[in-house]
Amino acid sequence: MTAVARTGLREGLVSCEACGLLSRPVGAEEPGECPRCGEVLEFRRRDAIQRTWALVIAAAICYLPANILPVMRTTTLTSEEPDTIISGVVYLYTSGSWYLALILLVASVMIPLAKLAALVYLLVTVQRGSVRNNRERARLYRVLEIIGRCRWSDVFVATFVVALIQLEPLMSVSPESGSCSSRRWSS
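Heads up: these notes are all about the structure in this document. Just so it is clear, the model here is predicted, and its values are computed rather than measured. (Residues numbered from 1 in each chain as written. Predicted model: local features only at pLDDT ≥ 70, side-chain atom pairs only at ≥ 80, totals over all residues. Heavy atoms only, no water.)

1. Brief notes about helix α1 (residues 48-68)
Counted only if it meets this: Secondary structure elements are defined from DSSP: runs of H or I of at least 4 residues count as helices, runs of E of at least 2 residues count as strands, and each element is numbered from the N terminus. The span you would expect from a helix comes to 1.5 Å times its residue count less one. Only protein chains enter the calculation, and the probe is 1.4 Å; a residue is then buried if its accessible area is under 20% of its type maximum, exposed if over 50%, and partly exposed in between.
An ideal rise of 1.5 Å per residue puts 30 Å on 21 residues; α1 measures up with 31 Å between its terminal C-alpha atoms. Every buried residue of α1 is accounted for by Val-56, Ala-59, Tyr-63, Ala-66 and Asn-67.

Here is the structure:
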């Protein structure tokens, strides 16, 4: 006996993308509008899995430059030095700020990699039509949603470091190309 996955569509329900309300559609062809916020409802987005694969592949491609390219350039009277995320982690650790180094490493390197791996896992299981571990996968998806909203701690650490450096009158810090790469796909 094979188990059939219970989905909102099979149960005759549609979810609002804006507010998350689960409601009954107005008709079989046209779902109507959300009774709570008035947003137009959709049964399913076309090619959602293919689009998600494209975004995951693009994120994986951007992951390397985001961690290899310099994110900022520190200029003093005697030198000019580009800094990558990893060199920033090493610098913070060796200067005694191991807690900031750990926050930066986890938020900028480990979480994006774990997020990519989790998204690939979810995509593969959805494409295979797996009905096993549905609750765990739904929980993983919700955790990814939360991480996507609040994963800006690396920006705060970088801002803190820049503020410390800018306090000294003969130094300056400017953003580099790696800072653009790391911000485009992380949210």
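2. Some remarks on helix α3 (residues 98-128)
Rules: Two axes define the bend at a residue: one fitted to the seven residues ending there, one fitted to the seven starting there, and the bend is the angle between them.
Helix length check: α3, at 31 residues, gives a terminal C-alpha distance of 43 Å against a target of 45 Å (1.5 Å per residue), a fit within 8%. At Met-110, α3 shows its maximal kink, close to 35°; a proline, Pro-112, follows between one and four residues later. With its phi angle positive at about 75°, Gly-129 sits one or two positions after the end of α3.

3. Digging into the nonpolar core
Note the cut-off: Put simply, a nonpolar core is a bunch of buried Ala, Val, Leu, Ile, Met, Phe, Trp, Tyr and Cys residues held in one set by side-chain atoms that sit within 4.5 Å of each other.
Core analysis: the biggest nonpolar cluster contains 14 residues, and Ile-85, Leu-92, Leu-104 and Leu-116 have the highest contact counts within it. Within the residue set of this core, elements represented by two or more residues are α1, α2 (85-94) and α3. Here this core takes 6 residues from α3, the largest share from any one element.

4. With respect to the packing of aromatic side chains
Selection criterion: The rule is short: rings of Phe, Tyr and Trp, with Trp giving its six-membered ring, pair when the centres are within 6.5 Å, and they are stacked under 30 degrees, edge-to-face over 60, tilted in between.
All told, the structure shown has 1 aromatic pair when counted by the stated rule. Ring centres of Trp-98 and Tyr-99 lie 5.9 Å apart, and the angle between their planes is 80°; this geometry places the pair in the edge-to-face category. On the accessibility criterion, Trp-98 (51% relative accessible area) is exposed. For Tyr-99, a relative accessible area of 45% translates into the label partly exposed.

5. Examining unusual backbone geometry
Even without being glycine, Asn-133 reaches a positive phi, approximately 60°. Looking at where Asn-133 falls in the secondary structure, it is placed in the loop between α3 and α4 (134-150).

6. Here's the deal with the packing of α2 against α3
So the rule is basically this: Between the N-to-C directions of two axes lies an angle of 0 to 180 degrees, each axis being a line fitted to C-alpha atoms and, for a helix, fitted only over the stretch in contact. Convention used here: angles under 35 degrees read as roughly parallel, angles over 145 as roughly antiparallel, angles from 65 to 115 as roughly perpendicular, and any remaining angle as oblique. In this scheme the crossing of two helices becomes right-handed for a clockwise turn of the near helix relative to the far one and left-handed for an anticlockwise turn of less than a right angle. Any two residues whose heavy atoms approach within 4.5 Å are treated as being in contact. Residue polarity follows a fixed list, in which Ala, Val, Leu, Ile, Met, Phe, Trp, Tyr, Cys and Pro are nonpolar, Asp, Glu, Lys and Arg are charged, and the others, Gly among them, are polar.
For the pair α2 and α3, the least separation of the axes is 7 Å and the interaxial angle reads 160°. In terms of orientation, α2 lies roughly antiparallel with respect to α3. Considering only the axes of α2 and α3, their crossing is left-handed. Contacts between α2 and α3 pair Ile-85, Ile-86, Gly-88, Val-89, Leu-92 and Tyr-93 from the former with Trp-98, Leu-100, Ala-101, Leu-104, Leu-105, Ser-108 and Val-109 from the latter. Among the residues forming the contact of α2 with α3, the class breakdown is 11 nonpolar, 2 polar and no charged.

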